[in-house]
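Results of the structural survey
Residues per chain, in single letters:
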Amino acid sequence: MEATVTRERIVDAAAALLAEGGREAVSTRAVSAAAGVQAPTIYRIFGDKQGLLDAVASRGVADYLRAKTARERDPDPVQDLRRGFDLHVGFGLAHPALYALIYGEPRPDVESAAEREATAVLAGMIRRIAEAGRLRVSEERAVRLVHSAGCGITFTLIGLPPEQRDPALSELARESVLATVTTDRSVHAGLDAGPVATAVTLRAALPQLSALSRAERRLLGEWLDRLAADR
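Residues numbered from 1 in each chain as written. Predicted model: local features only at pLDDT ≥ 70, side-chain atom pairs only at ≥ 80, totals over all residues. Heavy atoms only, no water.

Things to note about the packing of aromatic side chains
The description of an aromatic ring pair rests on the distance of the ring centres and on the angle between the ring planes. In this structure the tally under the stated criterion is 4 aromatic pairs. Here Tyr64 and Phe91 contribute two aromatic rings whose centre-to-centre distance is 4.5 Å and whose plane-to-plane angle is 25°, an arrangement assigned as stacked. In this pair, Tyr64 sits in helix 4 (residues 49-70) while Phe91 sits in helix 5 (residues 77-94), placing the two residues 27 residues apart along the sequence. Members of the aromatic cluster, each reached through a chain of ring pairs, are Tyr64, Phe91, Tyr99, Tyr103 and Phe155. (Phe/Tyr/Trp six-rings, centres within 6.5 Å; stacked < 30°, edge-to-face > 60°. Helix = DSSP H or I, 4+ residues; strand = E, 2+ residues; numbered from the N terminus.)

Here it is, written out as structure tokens:
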């Protein structure tokens, strides 16, 4: 119990320093002084400074996702994604240093726990759109497009003085990416949505196809992935 309290106190101190002075302010010496612990305690609990920063990022994402997932889901999955996009941008503008810590230094083949949690929530939103028959591209491509658009516009706005931030920029970016990855009407309505959207919709429903064996579902999944990528 004491170790947990100490860990939380250290993360609290590091998060406060980050919010006040950015990443450079989060030195081992500063955190030790703010948390009232010795430097070896930080290394014992977190391994190194990066481990501490990852813990701060995970805490921030957990708080953000708690607010994001606690809200009632919109019956329209595209509208739900639209609201999620706005929440993402709002989070970044409210916590610029924390946002930069989470998304500002991508490391190839290294995904932090915070990034994995955020990506999983986004992937869940995209899956709802696919199941509704309203996704134009593969789920993986949609996740990456929406994520890159959200990060790009958020960093752009963070880099501007508050009085120069144009709210329409976020809206334009959001609607542009939604128009790229979603359709106005469902393929379930019997409309000619094209082979890609149809393949994406069937791919989302594949786990529910109990009439097929595991091997058959795997083979069909490979074919549908190839069709979904044909864009």
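Details of the layout of surface pockets
Empty space among the atoms becomes apparent when a probe as large as a water molecule is rolled across them. In this structure, the largest pocket spans a volume of roughly 480 Å³. The wall of the largest pocket is formed by 24 residues, among which Tyr103, Thr119, Leu122, Val143 and His147 lie closest to the centre. Of all the elements in the fold, those that place two or more residues in the lining of the largest pocket are helix 4, helix 5, helix 7 (113-131) and helix 8 (139-158). Tallied by class, residues from the lining of the largest pocket come to 13 nonpolar, 5 polar and 6 charged. (1 Å grid on protein atoms, 1.4 Å probe; cavity = no way out; pocket = protein on both sides within 12 Å on 5 of 7 lines; lining within 4 Å. Points joined across faces, edges and corners; volume = space filled by probe spheres on them. Nonpolar A, V, L, I, M, F, W, Y, C, P; charged D, E, K, R; others polar.)

Description of the environment of Phe155
Residue position: Phe155 is located in helix 8. Discounting residues that sit within four places of it in the chain, Phe155 has contacts with Tyr99, Ala100, Tyr103 and Gly104. (Contact = heavy atoms within 4.5 Å.)

Section: the side chain of Asp74
The topology assignment puts Asp74 in the loop between helix 4 and helix 5. Its relative accessible area of 19% is what places Asp74 among the buried residues. Engagement of the side chain of Asp74 in a polar contact is seen with the backbone nitrogen of Asp76, the distance being 2.8 Å. Every residue in contact with Asp74, bar those within four places of it in the chain, is listed here: Gln79, Asp80, Arg83 and Arg128. (Buried < 20%, exposed > 50% of the residue type's maximum accessible area, 1.4 Å probe, protein only. Polar contact = N/O pair within 3.5 Å; in protein donor to acceptor, adjacent residues only side chain to side chain.)

Spatial relationships are all this shows, so hold off on functional conclusions.
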